[in-house]
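One-letter residues, chain by chain:
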Amino acid sequence: MKASIAGKLESLDARLKEIDAKLSDPDAARDLDAYRRLSRERSEIHPVVELFAEFRRAEGDVAAAEEMAKDPQTRAFAEDEIRAGRERLAALEARLQAMLLPRDPNDDKNLFLEIRAGTGGDESALFAGDLFRMYARFAERNRWQVEVVSESPGEAGGYKEVIARVVGDGAYSKLKFESGGHRVQRVPATETQGRIHTSAATVAVMPEADDTSDLQINPADVRVDTFRASGAGGQHVNKTDSAVRLTHAPTGIVVECQDARSQHKNREQAWRVLAARIKDKRMREQQAKEASERKSLVGSGDRSDRVRTYNFPQGRVTDHRINLTLHKIDAIMDGDLAELTSALAAEHQAEQLASLARAS
């Protein structure tokens, strides 16, 4: 194990002892916020320290076997023990390195999912609708809740744009690499000649900004407009200014919400989406800065990148960032995304491990 990694693990061991001493103080619970912070930190580093202790025990076993190998009578047995022990050490070290990787603070958060039709007219809107159904089905498989915040239906079906809030444990961690350009190749229902068309849609996955985050929006920077909702909804939407538009002057971000009958509800949702978009913009700017320093296959934050192609005639889905092709398009469009999301997460972790190795 590299000295730098061992040093990090030793410092975590010392920190755990320090936290345990503080938590065992009879007065520790007087400051509940501090107590919760310490308890949360302990739950994060305790598994790492436990695994490091296991690693050190394995080191001791190998050292003992090496001593035994000096005796001709026990050499054969000891060499087998040394070989098995070193394999175990390598496996434990790999696990420790993975646990030392910086954790994305947004992984446990809910998210806003935005899907916009791109080139391709009606077919693009239909594809955007198919993508929304795909993610909604994936959410069902994970027992997450999906709440449509805003929608603009396409003339032939699907969506010109749809925004949804996804609520569930680990939602952002599993969907955060879905942002980017998605392309479809298929024969549209309106095509009489049987020709394959290519259409596109853009997906944005943004972690929800919580009330305790450091994101501060100055109300003076936001213009609030109310107007009458358009589209279906009966007489109510034609008589009241229930729709809300927020314009954030510093970034130029504009958010409209008109799905709810209540102006208060639309305003609340619009502020949530605005906060998420501002946070997302800052994250992508930071990611772009990091990408200029090192090449990143996933998580670059660039929405203009084509990330995936759905080829219906050939029954395949290809993720271009990791060169992964799966021949099960029907299952994927029905929400079976686990193989894709797991592969993207694994690639991202491999990149992080490579960066950790270079920095050590």
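The model shown is predicted, which means the values in this text are computed figures rather than measured ones.

Asker: Hey, could you run me through the overall build of the chain in this one?
Answerer: Scanning the chain from terminus to terminus reveals 9 helices and 11 strands. Relative to the compact-globule value of 21 Å for 360 residues, the chain shows a C-alpha radius of gyration of 26 Å, a clear excess of over 25%. Each principal axis of the C-alpha atoms in the chain carries an extent, and together these give about 90 × 60 × 35 Å. Expressed as a percentage of the 360 residues in the chain, the buried residues total 39%. Restricting the contact set of the chain to residue pairs at least 6 apart, pairs at least 24 apart contribute 61%. Of the accessible surface of the chain, which amounts to about 19600 Å², a share of 48% is contributed by carbon and sulfur atoms. For the chain, the distance from the average site of its 55 positive side-chain charges to the average site of its 60 negative ones is 3 Å.

Asker: I tried to follow the nonpolar core on my own but got confused; where do I start?
Answerer: Across soluble globular proteins, nonpolar side chains show a tendency to be buried alongside one another. One finds L113, I115, L131, Y135 and Y310 to be the most contacted residues of the largest nonpolar core, which totals 36 residues. Element by element, the count of residues in this core is highest for helix α4 (residues 121-141), at 8 residues. Ignoring anything within four residues of it in the chain, the contact list for Y310 reads F127, L131, M134, H182, R183, V184, Q185, R316, V317, I329, I332 and M333. With 19 residues, the next largest nonpolar core counts L12, L16, I19 and A58 among its residues.

Asker: Would you take a moment to explain the confidence of the model for the chain for this structure?
Answerer: Regions with low pLDDT carry predicted coordinates that are not meant to be interpreted in detail. Averaged over all residues, the pLDDT of the chain equals 86, while 90% of them reach at least 70. At the low end of the mean pLDDT range in the chain sits helix α6 (residues 235-239), at 46; at the high end sits helix α8 (residues 329-333), at 97. Under a pLDDT of 50 for its full length, residues 232-238 has, in the predicted model, 7 contacts with residues more than four places off or in other chains.

Asker: Is there a simple way to explain the pairing of strand β2 (residues 145-153) in this structure?
Answerer: Here is the key point about a regular strand: its side chains alternate between the two faces of the sheet. With 8 bridges joining them, β2 and strand β3 (residues 159-167) adopt antiparallel strand pairing. Residue pairing for β3: Q145 is matched across the bridge by V167. The hairpin turn running from β2 into β3, its antiparallel successor, is 5 residues long, and G157 in that turn takes a positive phi close to 120 degrees.

Asker: Whenever I open this one, α4 confuses me. Can you help?
Answerer: Given 3.6 residues per turn, any residue in an α-helix points the same way as the ones three and four places further on. Taking 1.5 Å per residue as the helical rise, α4 with its 21 residues ought to reach 30 Å, and the 31 Å between its terminal C-alpha atoms agrees with that figure. Immediately downstream of α4, the backbone of R143 shows phi near 60 degrees, a positive value.

Asker: Mind showing me how you'd approach the sheet that holds strand β11 (residues 324-326) here?
Answerer: Two orientations exist for strands paired in a sheet by backbone hydrogen bonds: parallel and antiparallel. Pairing in this open sheet of 8 strands is mixed, and the strands run β2-β3-β1-β5-β4-β9-β10-β11 from one edge to the other. In this open sheet, the two edge strands, each paired with only one partner strand, are β2 and β11. In this sheet, neighbouring strand axes are inclined to one another by 15 degrees on average, regardless of whether the strands run parallel or antiparallel. Contacts between α4 and the sheet are confined to β1 (111-117), β2, β3, β4 (180-186), β5 (197-207) and β9 (306-311), with β4 contributing the most and set at about 110 degrees to the helix.

Asker: Help me understand the pattern of salt bridges, please; the structure alone is not making it clear to me.
Answerer: Oppositely charged side chains are able to pair whenever their charged atoms sit close together. Applying the stated criterion across every chain, the model contains 36 salt bridges. Across the pair E66 and R86 runs a salt bridge whose closest N-O atoms are separated by 2.8 Å. With E66 in helix α2 (residues 32-68) and R86 in helix α3 (residues 75-100), this residue pair connects regions lying 20 residues apart in the sequence. Using a relative accessible area of 33% as the deciding quantity, one classes E66 as partly exposed. Here R86 falls in the partly exposed class, since its relative accessible area comes to 48%. Here D319 ties to R308 by a salt bridge, and the two come within 3.1 Å at their closest N and O atoms. Pair noted here: D319 is in strand β10 (residues 316-319) and R308 is in strand β9, with a separation of 11 residues, a long-range link. Side by side, D319 and R308 carry an identical accessibility label, which is buried. One network of salt bridges, in which partners are shared, links E147, R165, E208, K265, E268 and R272.

Asker: Hey, could you run me through the packing of helix α1 (residues 3-23) against α2 in this one?
Answerer: Each pair of packed helices can be summarised by the angle the axes make with each other and by the distance between the axes. Contact geometry for α1 and α2: axes closest at 8 Å, N-to-C directions at 135 degrees. Between α1 and α2, the angle falls in the class oblique. For the pair α1 and α2, the sense of crossing is left-handed. From α1, A6, L9, E10, L12, D13, R15, L16, I19, D20, K22 and L23 reach across to α2, where they touch Y35, L38, S39, E41, R42, I45, H46, V48, V49, F52 and R56.

Asker: Please explain the packing of aromatic side chains as it appears in this structure.
Answerer: What characterises a pair of aromatic rings is the spacing of the ring centres plus the angle enclosed by the ring planes. Using the criterion set out here, one finds 4 aromatic pairs in the structure. Note on F127 and Y310: the rings are 5.5 Å apart at their centroids and 65 degrees apart in plane angle, and the pair reads as edge-to-face. Taken as a pair, F127 in helix α4 and Y310 in strand β9 lie far apart in primary sequence, 183 residues in all. Residue Y310 is classed as buried on the basis of its relative accessible area of 0%. With centroids separated by 5.7 Å and ring planes inclined at 80 degrees, the aromatic side chains of F132 and Y159 adopt a geometry described as edge-to-face. Here F132 is found in helix α4, whereas its partner Y159 is found in strand β3, with 27 residues between them in sequence. Here F132 and Y159 have matching classes, each one buried. Against the face of F312 rests R186, its NZ or CZ located 5.0 Å from the ring centre. Across from the ring centre of F227, 4.5 Å away, lies the NZ or CZ of R245, which sits over that ring.

Asker: Sorry if this is basic, but what is going on with the sheet that holds strand β8 (residues 253-257) here?
Answerer: The strand order β6-β7-β8 describes an open sheet built from 3 strands, whose pairing is antiparallel. Here the strands that pair on one side only, and so sit at the sheet edges, are β6 (222-227) and β8. Averaged over all neighbouring strand pairs, the angle between strand axes comes to 15 degrees, with direction disregarded. Pairing between strand β7 (residues 243-248) and β8: 5 bridges, direction antiparallel.

Thresholds, definitions, all that
Residues numbered from 1 in each chain as written. Predicted model: local features only at pLDDT ≥ 70, side-chain atom pairs only at ≥ 80, totals over all residues. Heavy atoms only, no water. Helix = DSSP H or I, 4+ residues; strand = E, 2+ residues; numbered from the N terminus. Rg over C-alpha atoms; globule rule 2.2 N^0.38 Å. Buried < 20%, exposed > 50% of the residue type's maximum accessible area, 1.4 Å probe, protein only. Contact = heavy atoms within 4.5 Å. Areas by Shrake-Rupley, 256 points an atom, 1.4 Å probe, with all protein chains shown as cover. Lys, Arg positive; Asp, Glu negative; His and termini not counted. Charge placed at Lys NZ, Arg CZ, Asp CG, Glu CD. Core = buried A, V, L, I, M, F, W, Y, C linked by side-chain atoms within 4.5 Å. pLDDT = per-residue confidence, 0-100. Pairing = 2+ DSSP bridges. Expected span 1.5 Å × (residues − 1). Axes fitted to C-alpha atoms, helices over the stretch in contact; angles between N-to-C directions. Salt bridge = Lys/Arg side-chain N within 4 Å of Asp/Glu carboxyl O. Parallel < 35°, antiparallel > 145°, perpendicular 65-115°, else oblique. Left-handed = near helix turned anticlockwise from the far one by under 90°. Phe/Tyr/Trp six-rings, centres within 6.5 Å; stacked < 30°, edge-to-face > 60°. Lys NZ or Arg CZ within 6 Å of the ring centre and 35° of its normal.

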